Amino acid sequence: TIPMARGKSRSDSIQNVLENAKKIASEGVKEIVLTGVNLGDFGKGPDGNKKHEESFYELVRVLDEVERIERYRISSIEPNLLTNEIIEFVAGSKKFMPHFHIPLQSGSNTLLALMRRRYKRELYADRVQRIKTLMPHASIGVDVIVGFPGET
């Protein structure tokens, strides 16, 4: 129901996000939390089609250079869209905090499939292990759904 009501993934351009970050930096903002629905799908145009060839990885690289912003946090990125490239970038960044919010939803591959999630629990565990290997003190937020139809 939620994906149908929400519609296709769509995002702004890197240029517009960069301009917004610079504007709020000039107003004294020190931290930006990157959040959204399917954040890792960044780069899709307003109609949900891949209108421009931009990626979330490219976005974080550009934002890392914005002067006067001291901290960034990545929130709500699905494990199948959280690439090793992004994890490694955050591990080496001075501005991106070792903080990720990664929705788990369920530890059951059967329920994940029923929820139409595009990942399995093994991928989730792999992403967490990769983060913890590179950033042992990283914070990882989790969403878990309980009471999903068919869950025991």
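About the criteria used
- Residues numbered from 1 in each chain as written.
- Predicted model: local features only at pLDDT ≥ 70, side-chain atom pairs only at ≥ 80, totals over all residues.
- Heavy atoms only, no water.
- Phe/Tyr/Trp six-rings, centres within 6.5 Å; stacked < 30°, edge-to-face > 60°.
- Helix = DSSP H or I, 4+ residues; strand = E, 2+ residues; numbered from the N terminus.
- Buried < 20%, exposed > 50% of the residue type's maximum accessible area, 1.4 Å probe, protein only.
- Pairing = 2+ DSSP bridges.
- Axes fitted to C-alpha atoms, helices over the stretch in contact; angles between N-to-C directions.

Remark: the centre distance and the inter-plane angle together describe each pair of aromatic rings, the angle taken between the planes. Under the defined criterion, the tally for this structure stands at 3 aromatic pairs. Plain terms: the ring middles of Y57 and F89 are 6.1 Å apart, the flat faces sit at 90° to each other, and that makes the pair edge-to-face. Here F89 lies in helix α4 (residues 84–92) and Y57 lies in helix α3 (residues 56–63), a separation of 32 residues in the sequence. Here the aromatic rings of F89 and F96 are separated by 6.0 Å at their centres, their planes lie at 70°, and the arrangement is edge-to-face. Judged by relative accessible area, which is 17%, F89 ranks as buried. Taken together through their ring pairs, the aromatic side chains of Y57, Y72, F89 and F96 make up a single cluster.

Looking now at the sheet that holds strand β3 (residues 96–101). Taken in spatial order, the 4 strands make up an open sheet running β1-β2-β3-β4, and their pairing is parallel. The sheet is open, and its two borders are formed by β1 (31–34) and β4 (139–141), each paired with just one other strand. This sheet shows a mean twist of 20° between the axes of neighbouring strands, independent of strand direction. Relative to strand β2 (residues 71–74), β1 runs parallel, the two being bridged by 4 bridges.

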